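Understanding the architecture of this molecule
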Amino acid sequence: MSVTLKDVAQAARVSVSTASRALTGTGLTSERTQQRLARIARELGYRPNPIARGLKTGQSRLVALLVHNLTNASFQVMAEVVQARLKALGYQMLLCIGGDDPQQESDTLTTLVDHRIDGLIVVPTGKNGPQLKALAKDIPIVCLVRRDDATDLETVLADDPQGAYLGTRHLIELGHKRIGLIVGRQDTTSGRERLSGYVRALREAGIARDDTLIHAGHYVPETGATCCRKLLDLSRPPSAIFVANHEATLGVLRVTAERNIAIPDDLSLLCYEDMPWFEWHRPAISIVDNGARDLANLAVDRLLHRMDAKGSSNDGVREYRVGARLIQRDSCRQIDTPAPAKSAKSKSSSPKSSAAKSAKV
């Protein structure tokens, strides 16, 4: 049977109200009394009931983080950052996995309301905007990684258009013209924006868009595997593949291993979102880093601000961006420009002229 506050009060021979004030650090109790009550509570194994305390104070000290999965290393980093930041401030983080499924997301949101959370950081599916908008009237909410277009919620995003642009331009500068793209669903912010950055880089380089090289799908490894097979099975397969989400990367690596494709000799590979294993891989994998740690820290900052400003009509809603950066490693190689075919006349050139041509090259 669990130990109650009444048990602690009886053992200390004080009233329940005095015991409550001493253990919560509120009210007029001496430091000596607080220390004695804390010692007795520890000896008895007393643990306060957070739900009951939340009903009295109006604060549960619970903040939820709702992400799609933990396959994506960026979500793992974000969870670690959010948990550490909140713990330092006396909050507990509830980590929820939505599976990028609208119904599961909706059910989770309902459950979180029942737990009287004080705040929410969510990577939205984009399908439950009305529900999020209604919840935001009572609970401070910050969207992370994706924007929910049906709401005006405060949002923290990576600079995905620029990140995808930098990655694609890097491959073009290495001489690649047939660049496959595996990207997320186009009804998501990150999916749309990463495609736009890819298309912009092609356009600036004068390379025509080829839709047979572009594949979009759900954020799961199988999407990467399926799309990679389609790209490799083309009559003119790409010389490089840009995998624009972490989950798909895992599927692509599986397919390249199954087919004994040497990276970067047979295929250059550029991925999105970093993890330590990518640097340890041989060859080390070049990536576009979306700044997961910075994204999480900024999301916590904005959520805490909104929690402090709760009820303030002067607090505006904003969108924030964290810059993406290209990290060059060993999985992308330079493509040599093919030499022009020699004509019959050039074959009969003098040794002197041939030597001059070689020197020029």
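Look above for the structure.
This report concerns the structure included in the present document. This one's a predicted model, so the numbers in the text were calculated from it and none came from an experiment.

Comments concerning the pairing of strand S10 (residues 286-289)
- Burial along S10 is two-sided: Ser286 and Val288 and Ile287 and Asp289, pointing in opposite directions, are all buried.
- Alignment of strand S9 (residues 268-272) against S10, held across three bridges, turns out to be parallel. Bridging from a neighbouring strand, leucine 270 pairs with serine 286 of S10.
- Both S10 and strand S12 (residues 325-327) contribute to a ladder of three bridges, which runs antiparallel. Across the sheet, the residue bridging to aspartate 289 is arginine 325, located in S12.

What to know about empty space enclosed by the protein
- Summed over all chains, the structure comprises one cavity of 30 Å³ or more.
- Put simply, the largest cavity is a space of about 100 Å³.
- Lining the largest cavity are 15 residues; nearest its centre among them are Asn72, Phe75, Val145, Tyr219 and Glu273.
- Taken together, the elements giving at least two residues each to the lining of the largest cavity come down to helix H5 (73-88) and helix H9 (189-204).
- Examining the composition of the lining of the largest cavity, we find that three residues originate from one element, H5, more than from any other.
- In terms of residue class, the lining of the largest cavity is made up of five nonpolar, six polar and four charged.

A word on the packing of helix H1 (residues 5-12) against helix H3 (residues 31-44)
- Relative to each other, H1 and H3 sit at 120 degrees, their axes nearing to 10 Å. With respect to H3, the axis of H1 lies oblique. As for the relative orientation of H1 and H3, their crossing is right-handed in sense. Here H1 contributes Asp7, Val8, Ala11 and Ala12 to the contact with H3, which in turn contributes Arg36, Leu37, Ile40, Ala41 and Leu44.
- When the residues that make up the contact of H1 with H3 are grouped by side-chain class, the tally is seven nonpolar, no polar and two charged.

Regarding the state of the cysteines
- The full count for this structure, using the stated rule, is zero disulfides.
- We note that cysteine 271 lacks a disulfide partner, and the nearest cysteine sulfur, in cysteine 332, lies 8.2 Å from it.

As for the packing of H5 against helix H13 (residues 292-308)
- For the pair H5 and H13, the least separation of the axes is 8 Å and the interaxial angle reads 40 degrees. As judged from the angle between their axes, H5 and H13 are oblique. In the crossing of H5 with H13, the sense of the turn from one axis to the other is right-handed. Of H13, the residues touching H5 (which contributes Ser74, Val77, Met78, Val81, Val82 and Arg85) are Ala292, Arg293, Leu295, Ala296, Asn297, Val300, Asp301 and Leu304.
- For the contact of H5 with H13, the class distribution of residues is nine nonpolar, two polar and three charged.

Thresholds applied
Every chain is numbered on its own, with residues counted from 1 as its sequence reads. Where totals are concerned, whole chains, interfaces and linings use all residues; where local detail is concerned, this predicted model gives features only for residues with pLDDT of at least 70, and gives and counts side-chain atom pairs only at 80 or more. Note that the side-chain values use all heavy atoms of the structure and ignore hydrogens as well as water. With a 1.4 Å probe rolled over the protein chains alone, any residue whose accessible area is under 20% of its type maximum counts as buried; one over 50% counts as exposed, and the rest are partly exposed. Think of it this way: any DSSP run of H or I at least four residues long counts as a helix, any run of E at least two long counts as a strand, and we number them from the N terminus. Pairing between two strands requires that DSSP report at least two bridges joining them. Cavity: a set of points on a 1 Å grid over the protein atoms alone where a 1.4 Å probe fits but cannot get out. Pocket: an open set with protein on both sides within 12 Å along at least five of seven lines, its lining residues, like those of a cavity, having an atom within 4 Å of a point. Grid points are joined across faces, edges and corners, and a volume is the space filled by probe spheres set on the points. Residue type decides the class: Asp, Glu, Lys and Arg count as charged, Ala, Val, Leu, Ile, Met, Phe, Trp, Tyr, Cys and Pro as nonpolar, and the leftover types, Gly among them, as polar. Note on geometry: axes are C-alpha line fits, over the in-contact stretch for helices, and angles between N-to-C directions span 0 to 180 degrees. Roughly parallel refers to an angle under 35 degrees, roughly antiparallel to one over 145, roughly perpendicular to one between 65 and 115, and oblique to any angle outside these ranges. Crossing handedness follows the turn of the near helix against the far one: under a right angle anticlockwise gives a left-handed crossing, and clockwise gives a right-handed one. When checking whether two residues touch, look at their non-hydrogen atoms; a contact exists if any pair is within 4.5 Å. Two cysteine sulfurs form what is called a disulfide whenever their separation falls within 2.5 Å.

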